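Each chain, written out:
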Amino acid sequence: MALALTESEIKQRLAELKDWSRDGDVLVKSFQFDSYLAGLAFASTVGVIAEGLNHHPDMNIGWRRVTVSFTTHDAGNKLSAKDFAAAKAIDAVGFPS
(Lines give C-alpha, C1' and ligand atoms only; values in the text may rest on other atoms or scores of the structure.)
Protein backbone atom coordinates (compact mmCIF):
# COMPACT_ATOMS: atom_id res chain seq x y z
CA MET A 1 0.00 0.00 0.00
CA ALA A 2 1.31 3.43 -0.95
CA LEU A 3 1.51 6.25 1.54
CA ALA A 4 -0.15 9.59 0.87
CA LEU A 5 2.22 12.55 0.82
CA THR A 6 1.91 15.42 3.26
CA GLU A 7 0.96 18.89 2.05
CA SER A 8 4.55 20.11 2.34
CA GLU A 9 5.84 17.06 0.42
CA ILE A 10 3.30 17.68 -2.34
CA LYS A 11 4.27 21.35 -2.66
CA GLN A 12 7.96 20.47 -2.79
CA ARG A 13 7.51 17.78 -5.44
CA LEU A 14 5.14 19.90 -7.49
CA ALA A 15 7.76 22.66 -7.62
CA GLU A 16 10.15 20.16 -9.22
CA LEU A 17 7.78 19.47 -12.15
CA LYS A 18 7.21 21.59 -15.26
CA ASP A 19 3.61 22.55 -16.04
CA TRP A 20 1.97 19.93 -13.81
CA SER A 21 -0.70 21.20 -11.46
CA ARG A 22 -2.72 19.92 -8.59
CA ASP A 23 -6.48 19.59 -8.75
CA GLY A 24 -7.37 18.48 -5.23
CA ASP A 25 -5.80 15.06 -4.85
CA VAL A 26 -5.00 14.68 -8.54
CA LEU A 27 -1.81 15.58 -10.42
CA VAL A 28 -2.71 16.91 -13.89
CA LYS A 29 -1.00 18.09 -17.05
CA SER A 30 -2.32 18.82 -20.55
CA PHE A 31 -0.13 18.29 -23.58
CA GLN A 32 -0.70 20.01 -26.95
CA PHE A 33 0.16 18.43 -30.31
CA ASP A 34 0.25 19.44 -33.96
CA SER A 35 -2.12 16.64 -34.94
CA TYR A 36 -4.62 14.21 -33.47
CA LEU A 37 -2.39 11.27 -34.40
CA ALA A 38 0.56 12.79 -32.54
CA GLY A 39 -1.63 12.96 -29.45
CA LEU A 40 -2.60 9.31 -29.89
CA ALA A 41 1.06 8.31 -30.19
CA PHE A 42 1.79 10.25 -27.00
CA ALA A 43 -1.07 8.52 -25.16
CA SER A 44 0.31 5.16 -26.24
CA THR A 45 3.77 6.13 -24.97
CA VAL A 46 2.28 7.22 -21.64
CA GLY A 47 0.52 3.86 -21.46
CA VAL A 48 3.79 1.99 -21.94
CA ILE A 49 5.51 4.11 -19.26
CA ALA A 50 2.58 3.60 -16.88
CA GLU A 51 2.58 -0.16 -17.43
CA GLY A 52 6.30 -0.30 -16.69
CA LEU A 53 5.75 1.63 -13.45
CA ASN A 54 2.55 -0.29 -12.63
CA HIS A 55 0.87 3.07 -12.03
CA HIS A 56 -1.77 4.03 -14.55
CA PRO A 57 -3.22 7.50 -15.18
CA ASP A 58 -6.57 8.59 -16.44
CA MET A 59 -6.16 10.15 -19.87
CA ASN A 60 -8.50 12.36 -21.83
CA ILE A 61 -7.64 12.29 -25.52
CA GLY A 62 -9.05 15.14 -27.57
CA TRP A 63 -8.25 16.89 -30.80
CA ARG A 64 -4.54 17.76 -30.59
CA ARG A 65 -4.64 17.63 -26.76
CA VAL A 66 -4.10 14.89 -24.19
CA THR A 67 -4.67 15.45 -20.48
CA VAL A 68 -2.97 13.05 -18.07
CA SER A 69 -4.19 12.72 -14.47
CA PHE A 70 -2.64 10.74 -11.63
CA THR A 71 -3.83 9.84 -8.15
CA THR A 72 -2.96 6.81 -6.06
CA HIS A 73 -5.94 4.60 -5.37
CA ASP A 74 -4.23 2.43 -2.77
CA ALA A 75 -3.30 5.59 -0.83
CA GLY A 76 -6.95 6.50 -0.44
CA ASN A 77 -7.13 8.39 -3.76
CA LYS A 78 -4.49 10.82 -2.52
CA LEU A 79 -1.20 11.91 -4.04
CA SER A 80 1.78 9.65 -3.42
CA ALA A 81 5.39 9.41 -4.55
CA LYS A 82 4.15 7.11 -7.35
CA ASP A 83 2.27 9.99 -8.99
CA PHE A 84 5.28 12.27 -9.05
CA ALA A 85 7.62 9.51 -10.25
CA ALA A 86 5.27 8.78 -13.14
CA ALA A 87 5.00 12.48 -14.03
CA LYS A 88 8.80 12.78 -14.09
CA ALA A 89 9.09 9.68 -16.29
CA ILE A 90 6.59 11.13 -18.79
CA ASP A 91 8.37 14.49 -18.83
CA ALA A 92 11.72 12.78 -19.41
CA VAL A 93 10.46 11.63 -22.82
CA GLY A 94 10.45 15.27 -23.92
CA PHE A 95 6.94 15.77 -25.28
CA PRO A 96 5.70 19.36 -25.64
CA SER A 97 3.25 20.66 -23.06
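Look up: the structure comes first, before these words.
Below or above, wherever it landed, is the structure these notes cover. (Residues numbered from 1 in each chain as written. Predicted model: local features only at pLDDT ≥ 70, side-chain atom pairs only at ≥ 80, totals over all residues. Heavy atoms only, no water.)

**Considering a nonpolar patch on the surface**
Part 1 of the reasoning: Together, Tyr-36, Leu-37, Leu-40, Met-59, Ile-61 and Trp-63 make up an exposed nonpolar region whose accessible area comes to about 620 Å².
Part 2 of the reasoning: Elements that contribute at least two residues to the nonpolar patch include exactly helix H2 (36-53) and strand S3 (58-62).
Part 3 of the reasoning: A per-element tally of the nonpolar patch places H2 first, with 3 residues.
Part 4 of the reasoning: Position of Ile-61 relative to the elements: it lies in strand S3. (Patch = residues over 30% accessible without salt bridge, like charges linked within 9 Å, V, L, I, M, F, W, Y side chains within 5 Å. Areas by Shrake-Rupley, 256 points an atom, 1.4 Å probe, with all protein chains shown as cover. Salt bridge = Lys/Arg side-chain N within 4 Å of Asp/Glu carboxyl O. Helix = DSSP H or I, 4+ residues; strand = E, 2+ residues; numbered from the N terminus.)

**A word on empty space enclosed by the protein**
Part 1 of the reasoning: For the structure shown, the criterion picks out 1 cavity of 30 Å³ or more.
Part 2 of the reasoning: If you add up the space inside the largest cavity, you get close to 40 Å³.
Part 3 of the reasoning: Taken together, His-56, Pro-57, Asp-58, Ser-69, Phe-70, Thr-71 and His-73 form the lining of the largest cavity.
Part 4 of the reasoning: Taken together, the residues of the lining of the largest cavity break down into 2 nonpolar, 4 polar and 1 charged. (1 Å grid on protein atoms, 1.4 Å probe; cavity = no way out; pocket = protein on both sides within 12 Å on 5 of 7 lines; lining within 4 Å. Points joined across faces, edges and corners; volume = space filled by probe spheres on them. Nonpolar A, V, L, I, M, F, W, Y, C, P; charged D, E, K, R; others polar.)

**Some thoughts on the nonpolar core**
Part 1 of the reasoning: By size, the foremost hydrophobic cluster in this structure holds 18 residues, and its most contacted members are Trp-20, Leu-27, Phe-42, Val-68 and Ile-90.
Part 2 of the reasoning: Going through the elements one at a time, strand S2 (26-32), H2, strand S4 (65-70) and helix H3 (81-92) are the ones with two or more residues in this core.
Part 3 of the reasoning: Ranked by residues supplied to this core, first place goes to H3 with 4 residues.
Part 4 of the reasoning: What Val-68 contacts, discounting residues up to four positions off in sequence, is Trp-20, Leu-27, Val-28, Lys-29, Phe-31, Phe-42, Val-46, Pro-57, Asp-58, Met-59 and Ile-90. (Core = buried A, V, L, I, M, F, W, Y, C linked by side-chain atoms within 4.5 Å. Buried < 20%, exposed > 50% of the residue type's maximum accessible area, 1.4 Å probe, protein only. Contact = heavy atoms within 4.5 Å.)

**Regarding unusual backbone geometry**
Part 1 of the reasoning: Positive phi values are uncommon outside glycine, yet Asp-19 reaches one of about 70°.
Part 2 of the reasoning: Mapped onto the fold, Asp-19 is located in the loop between helix H1 (7-15) and strand S1 (21-23).
Part 3 of the reasoning: Here the phi dihedral of Arg-64 falls at roughly 65°; this positive angle occurs in a residue that is not glycine.
Part 4 of the reasoning: Looking at the element boundaries, Arg-64 is found in the loop between S3 and S4.

**Here's the deal with the side chain of Thr-67**
Part 1 of the reasoning: On the secondary structure map, Thr-67 appears in strand S4.
Part 2 of the reasoning: Judged by its relative accessible area of 17%, Thr-67 falls in the buried class.
Part 3 of the reasoning: At 2.8 Å, the side chain of Thr-67 and the side chain of Ser-30 are in polar contact.
Part 4 of the reasoning: Residues contacting Thr-67, with those up to four places away along its chain left out, are Val-28, Lys-29, Ser-30, Asp-58, Met-59 and Asn-60. (Polar contact = N/O pair within 3.5 Å; in protein donor to acceptor, adjacent residues only side chain to side chain.)

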